[in-house]
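What follows is the residue order along each chain.
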Amino acid sequence: MTVFEMIIKGDIPSTKIYEDDSVIAILDIAPRAKGHTLVISKNVYPTIEEVPLDVLSHMMEIVKKVDKKMRLALKADGTNVIINNSPASGQEVPHLHIHVIPRFKDDGISFFPPALKYEENEAKEYGEKLKI
């Protein structure tokens, strides 16, 4: 059982800001910024590949509502919307969740390493590998 399942069951306390039949939104207990929220499916889907499109779509509807509320209530200048998808990406809990992190001009938060550069013809090779 994941920590999110225990939160959903009420076995672990959380600060809920939204709940319906299929989704909850809670404040992250280790926020990157105050107000950092997790939008979590009540059913366990370890990664984005496994979640049904209708559930993911509903989760994104709630993300939009959280984003709007952060801009209004916290006066956030923007948000980061992040899905860590599998352990290699930093996903610590194998239960799909979406981070919504309020951002403020010059807040000093950075999530990305410096940009890489493609070698000659490498972008073309990657483009061919990734064509859908």
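Just above sits the structure.
About the cut-offs
- Along each chain, the written sequence defines residue order, and numbers are assigned to residues from 1.
- Confidence filtering applies because this is a predicted model: local features only for residues at pLDDT of at least 70, side-chain atom pairs given and counted only at 80 or more, and all residues used for totals across whole chains, interfaces and linings.
- For the side-chain quantities, the full set of heavy atoms in the structure was used; hydrogens and water were omitted.
- Side-chain atoms within 4.5 Å link the members of a nonpolar core, which is a set of buried Ala, Val, Leu, Ile, Met, Phe, Trp, Tyr and Cys residues.
- Residue exposure (1.4 Å probe, protein chains only): buried if accessible area is under 20% of the type maximum, exposed if over 50%, otherwise partly exposed.
- For the purposes of this entry, the term helix denotes a DSSP run of H or I that reaches at least four residues, the term strand denotes a run of E that reaches at least two, and both are numbered from the N terminus.
- Think of a polar contact as two N or O atoms within 3.5 Å of one another; within protein, one of them needs to be a possible hydrogen donor and the other a possible acceptor, and neighboring residues in sequence only count if both atoms come from side chains.
- Here, residues are in contact when the closest pair of their heavy atoms is within 4.5 Å.

Chemist: Describe the nonpolar core, and please don't skip the residues or the numbers.
Modeler: Counting 16 residues, the largest nonpolar core has Val-39, Val-51, Met-59, Ile-62, Val-66, Leu-96 and Val-100 as its most contacted members. Listed by contribution, the elements that provide at least two residues to this core are strand S2 (23–27), helix H2 (53–73) and strand S5 (97–103). The biggest single contributor to this core is H2, with 7 residues. Listed in part, the 8 residues of the second largest apolar core include Ile-8, Ile-26, Leu-38 and Ile-40.

Chemist: Can you lay out the side chain of Gln-91 for me, pointing to particular residues and giving the numbers?
Modeler: Residue position: Gln-91 is located in the loop between strand S4 (78–82) and S5. A distance of 2.8 Å separates a polar side-chain atom of Gln-91 from the backbone oxygen of Pro-46. From its side chain, Gln-91 meets the backbone nitrogen of Ser-86 in a polar contact 2.6 Å long. When sequence neighbours within four positions are dropped, the list of residues in contact with Gln-91 reads Pro-46, Thr-47, Asn-84, Asn-85, Ser-86, Leu-96 and His-97.

Chemist: Now, about unusual backbone geometry: what can you tell me, with residues and values included?
Modeler: Even without being a glycine, Asp-106 presents a positive backbone phi close to 60°. Its location among the elements puts Asp-106 in the loop between S5 and helix H3 (122–130). One non-glycine residue, Asn-121, adopts positive backbone phi at about 70°.

Chemist: Can you lay out the side chain of Asp-67 for me, pointing to particular residues and giving the numbers?
Modeler: Inspection of the secondary structure assignment puts Asp-67 in helix H2. For Asp-67, a relative accessible area of 17% corresponds to the buried category. Side chain to side chain, Asp-67 and Arg-71 meet in a polar contact 3.0 Å long. Leaving out residues up to four positions away in the same chain, Asp-67 has contacts with Thr-79 and Val-100.

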